[in-house]
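The chain contents come next:
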Amino acid sequence: MSARPQETRLDLYPSRRGAKPCSIERQDPVVHSAHRQGAPLPPQQICDYERNGFLILEQLFDARELELLQEEAAKLRAASGQIDATLAVAEPGDSSLRSVFHVHEISPLLRRIAHDARLVDLAEYILGDRVYVHQSRLNYKPGLSGKEFYWHSDFETWHVEDGMPRMRALSVSISLVENTALNGPLMLIPGSHRRYLSCVGETPEEHFRQSLRKQEYGVPDPEALTAFADDGGITAATGPAGTVALFDCNTMHGSNGNITPYPRSNLFIVYNSVSNTVEAPFGPTEPRPEFLAERSDFEHVKAISGPIRSV
Ligand code: 6CS
Ligand code: FE
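Quick look at the structure, then. All values derive from a computational prediction rather than experimental measurement.

Turning our eyes to something else, we now look at the overall build of the protein chain. Secondary structure summary: the protein chain contains 8 helices and 13 strands in total. Taken against the 2.2 N^0.38 rule, which gives 19 Å for 311 residues, the C-alpha radius of gyration of the protein chain at 18 Å falls within 12% of a compact globule. Dimensions of the protein chain, computed from C-alpha atoms along their principal axes, come out at roughly 50 × 50 × 40 Å. Going through the 311 residues of the protein chain one by one, you find that 55% of them count as buried. Contacts in the protein chain between residues far apart in sequence, at least 24 positions, make up 86% of those at least 6 positions apart.

Structural data, given as structure tokens:
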């Protein structure tokens, strides 16, 4: 593999380079739109998102829409043997299905959801720009064997391994089943998005083959993580099926394993600003495949309004 020429770009968020972990102040806004008028969220919720780095919303989708989404996730799971093998990720040490990536490209219904005005308007407002889908996935967290997602900032990986320059992206997670304290719900650390934890360790080539099952590089050091939790506490995104968690690309998050007998599945859609498209990775490895980070089609999403009935 040919080495890339000596790096001359300014890197505001260096990571996996130094011998010691360190913490860097965020250099980017959290809410990129200046005006509160005409916003798709009440001012209090915008403040909450800005302060905490996430927002939990219930009842964005109606019962029929949720049913369609649940059926589609089950269909993809049942057909996972026929899906391009690179998109389907198995649990570590097990062959049960952990995640399916690029779902907005393989399912017309999930594409329709990714283009839904209720989500796109929120993303455009918070990111202050037109947006495109950087990544999408279904996380199944199967019953009995679903393993944890260790603490991480998505942005750290997207910057180092994919070349996302700035913090101007967010994730939408839609739960497909009720998330309780029991089944490994998404956990987030309020306020953690305001600092960037520069991690240690040299990324191996094709790190994604390992990291999507169990991440070991680009994870926070225990002291910094503990300080984050001491300061902000930990919030679990529990709630009925259909609960939406909207979170900043640098919010520290993770989830426990699921040893209940029932799966805990979520749909994730990542929106990035069209002014923040990925470049060469800021770390030394080759760019990850496009099913993890869109690199060729940066055309902005055109929001579609109205309820989703069938596609
Ligand atoms: O590596 C990634 O891009 C993915 N991994 C995690 C644990 N979260 C975000 C993203 O899907
Ligand atoms: Fe993540």
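Okay, the site of ligand 1 next. Taken together, the neighbourhood of ligand 1 is formed by Phe101, Gln135, Arg137, His152, Asp154, Thr157, Trp158, Leu212 and Arg288. One of the side-chain N or O atoms of arginine 137 is found 3.0 Å from an oxygen atom in ligand 1. Across the complex, the protein chains shield 94% of the 300 Å² of accessible surface that ligand 1 would expose by itself. A class-by-class count of the residues in the shell around ligand 1 yields 3 nonpolar, 3 polar and 3 charged.

The iron ion (ligand 2) binds to the protein through His152 (NE2), Asp154 (OD) and His253 (NE2), with metal-donor distances spanning 2.1 to 2.3 Å. Between the 4 donor atoms coordinating the iron ion (ligand 2), the angles at the centre fall across 83 to 175°, so the site counts as irregular. When the donors of the iron ion (ligand 2) are listed by position in the chain, the intervening gaps give H-x1-D-x98-H. You can see histidine 152 sitting in strand β6 (residues 149-152) and its partner histidine 253 sitting in strand β12 (residues 253-255), a full 101 residues away along the chain.

It is worth spelling out helix α8 (residues 222-232) at this point. By the burial criterion, the buried members of α8 are Ala224, Leu225 and Phe228. Projected down its long axis, α8 shows its buried positions confined to an angular sector of 100°, all on one face. Facing away from the buried side of α8 by more than 90 degrees, the exposed set consists of Pro222, Glu223 and Asp230. Backbone geometry just after α8 places glycine 233 at a positive phi near 75°.

Moving on to the pattern of salt bridges. Under the counting rule described, the total for this entry stands at 21 salt bridges. Here arginine 130 makes a salt bridge to glutamate 124, at a shortest N to O gap of 3.8 Å. Exposure remark for arginine 130: the relative accessible area of 42% places this residue in the partly exposed category. As a salt-bridge pair, lysine 302 and glutamate 299 come within 3.1 Å of each other at their nearest N and O atoms.

Bringing the sheet that holds strand β4 (residues 97-101) into the picture now. Strand order in the open sheet formed by 7 strands is β2-β11-β7-β13-β5-β4-β3, with antiparallel pairing between adjacent strands. Both outer strands of the open sheet, β2 (54-57) and β3 (88-90), are each paired with one neighbouring strand and no more. Neighbour-to-neighbour, the strand axes of this sheet turn through a mean angle of 20°, independent of strand direction. By the bridge criterion, 8 bridges tie strand β5 (residues 131-139) to strand β13 (residues 266-273) in an arrangement that is antiparallel. In the sheet register, valine 133 faces β13, and the bridge partner there is tyrosine 271. Packed onto the sheet, helix α1 (residues 43-52) meets β2, β7 (169-175) and β11 (244-248) and runs at close to 135° relative to β2. Helix α6 (residues 154-162) rests against β5, β7, β11 and β13 of the sheet, and its axis sits at about 115° to β5.

Basis of the calculations
Residues numbered from 1 in each chain as written. Chains lettered and ligands numbered in written order. Predicted model: local features only at pLDDT ≥ 70, side-chain atom pairs only at ≥ 80, totals over all residues. Heavy atoms only, no water. Helix = DSSP H or I, 4+ residues; strand = E, 2+ residues; numbered from the N terminus. Rg over C-alpha atoms; globule rule 2.2 N^0.38 Å. Buried < 20%, exposed > 50% of the residue type's maximum accessible area, 1.4 Å probe, protein only. Contact = heavy atoms within 4.5 Å. Near = heavy atom within 4 Å. Polar contact = N/O pair within 3.5 Å; in protein donor to acceptor, adjacent residues only side chain to side chain. Areas by Shrake-Rupley, 256 points an atom, 1.4 Å probe, with all protein chains shown as cover. Nonpolar A, V, L, I, M, F, W, Y, C, P; charged D, E, K, R; others polar. Donors = N, O, S within 2.8 Å, 3.2 Å for Na, K, Ca; no water. Tetrahedral: all angles 85-135°; square planar, octahedral: opposite > 155°, others 65-115°. Arc of directions from axis to C-beta. Salt bridge = Lys/Arg side-chain N within 4 Å of Asp/Glu carboxyl O. Pairing = 2+ DSSP bridges. Axes fitted to C-alpha atoms, helices over the stretch in contact; angles between N-to-C directions.

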